[in-house]
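Residue strings, one per chain:
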Amino acid sequence: MPSSIRIFKARFTWLQILTHIGAWLPGIYLAAAYYTDNLTINPIQALTQRLGYTALVLLVLSLVCTPANTFFGWRQALKLRRPLGIYAFLYASTHFLVFTGLDYGFDFDILVQENLDKPYILIGAIALLILLALAVTSFQWWMKRLGKRWKQLHRLIYPAALLVLLHFAWSQKGDLLRLQGEVLQPVIFSLIVGVLLLVRIPIIRRQISRLRSALPRPPSKSQEKKQTWDPHKSRAGS
Ligand code: HEM
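Residue positions are given per chain, counted from 1 along the sequence in the order it is written. The predicted nature of this model means local features are confined to residues of pLDDT at least 70 and side-chain atom pairs, given and counted, to a pLDDT of 80 or more, with totals for whole chains, interfaces and linings taken over all residues.

A. Local environment of the environment of I130. Helix and strand assignments follow DSSP, with helices taken as H or I runs no shorter than four residues and strands as E runs no shorter than two, numbered in order from the N terminus. Checked against the element boundaries, I130 lands in helix α5 (residues 120-136). Between the C-alpha atom of I130 and that of L153, which follows or precedes it by 23 residues, the distance is 9.5 Å.

The structure is reproduced here in structure tokens:
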């Protein structure tokens, strides 16, 4: 089986193809469940929540890609960073549109009131604006145009992730300080994002890389060949 396949003019690895399929599946499932009335007794709320949740999961997965390459040498993960980030943005935008359009019929006055009553909505809006800026500038053209500033801009993914976590935790019916109610998921996601942020800090990153290089490495393919070399066979051949 070839390691990659050509679709139109671009080549895609199987992992990239699986990532695209995996990212589309929740959307297709949610659309089908919504249109066939299979989304709880409050389908709009269920749709809003599940779209938001999918956006969060994809955002966290996009944050895993760089450490996966840095610490495990998994270069293929770097190619997944952009599509995962863009899918996170698309799900978050749909989450926003379902809430403002389907739930509130784009009624500006009620939306402003909701924002005042539930400040986590404003936090979600700021996160969405950051994701919008990152998605728009994720193309090669912007990368060349912005030069060094591109990297600085794209570091905003971390504050965006923190805002999304705050938005998520705040939207749940629980008490984070007393660890009561629906707090388990926000706590788990915060721990994951916390670790992903910590391993980004240069001093911690260097320590982990040093530890990794001190560990015994599995033999490379050429070493394995040398180890299985049979001197008798070789003498017989000469
Ligand atoms: C203007 C932008 C946004 C608005 C108006 C908004 C609105 C909302 C609302 C109203 C809820 C509560 C739904 C409910 O429980 O009834 C919610 C929950 C949530 N939102 Fe957002 N949101 C926005 C941006 C985002 C972004 C950018 C993300 C992620 C990338 C996100 C992820 C979530 C998650 C994970 C939940 C909790 C879902 C659950 O209960 O499982 N939101 N949002």
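B. Representation of the site of the ligand in the model. The full set close to the ligand counts 23 residues, and G52, A55, A92, G124 and A125 are the nearest of them. Broken down by secondary-structure element, the contributors of at least two residues to the shell around the ligand are α2 (43-72), α3 (78-103), α5 and α8 (157-171). Top contributing element to the shell around the ligand by residue count: α2, with eight residues. In terms of residue class, the shell around the ligand is built from 15 nonpolar, eight polar and no charged. For each residue, a C-beta position is placed from the backbone atoms; the residue is near a molecule or strand when that point lies within 6 Å of it. Gly is placed with the polar residues, together with every amino acid not listed as nonpolar (Ala, Val, Leu, Ile, Met, Phe, Trp, Tyr, Cys and Pro) or charged (Asp, Glu, Lys and Arg).

C. Helix α1 (residues 14-35), seen in detail. Look at α1: 31 Å from first C-alpha to last across 22 residues, which is about the 32 Å you get at 1.5 Å a residue. Maximal helix bending in α1 amounts to about 25°, located at L25; proline P26 follows within four positions. Turning to α1, its buried residues number three or more, namely T19, A23 and L30. On its buried face, α1 sits against α2 and α3. One or two steps after α1, the chain reaches D37, where phi turns positive at roughly 60°. Between the first and last residue of a helix there are one fewer steps than residues, each counted as 1.5 Å, and that sum is the expected span. The bend at a residue is defined as the angle formed between two axes, one fitted to the seven residues ending at that residue and one fitted to the seven starting there. To assign burial, the other C-beta atoms lying within 10 Å of each residue's own C-beta are counted, with C-beta atoms placed from the backbone; 20 or more indicates buried, 12 or fewer indicates exposed, and intermediate counts indicate partly exposed. Each residue gets a C-beta atom placed from its backbone, and two residues are in contact if those atoms lie within 7 Å.

D. Summary view of the packing of α5 against α8. Here an axis means a line fitted to C-alpha atoms, over the contact stretch when the element is a helix, while the angle between two N-to-C directions is reported on a 0 to 180 degree scale. Two elements in contact, α5 and α8, have axes separated by 8 Å at closest approach and are oriented at 150°. For the element pair α5 / α8, the angle class is roughly antiparallel. α5 and α8 meet at a crossing whose hand is left-handed. On α8, the residues that touch Y120, I123, G124, I126, A127, I130, L131 and L134 of α5 are I157, P159, A160, L163, V164, L166, H167, W170 and S171. Each residue belonging to the contact of α5 with α8 can be placed in one class, and the counts come to 14 nonpolar, three polar and no charged. Roughly parallel means an angle under 35 degrees; roughly antiparallel, over 145; roughly perpendicular, 65 to 115; everything else is oblique. Here a crossing is taken to be left-handed if its near helix is turned anticlockwise relative to the far helix by less than a right angle, and right-handed if that turn runs clockwise.

E. Representation of the nonpolar core in the model. Each nonpolar core consists of buried Ala, Val, Leu, Ile, Met, Phe, Trp, Tyr and Cys residues. Their C-beta atoms, within 7 Å, join them into a set. Counting 32 residues, the largest nonpolar core has A55, L58, L59, A88, L131 and V164 as the members making the most contacts within it. When contributions to this core are tallied by element, the ones reaching two or more residues are α1, α2, α3, α5 and α8. Dropping the residues within four chain positions of it, L58 is found in contact with A23, L84, Y87, A88 and Y91.

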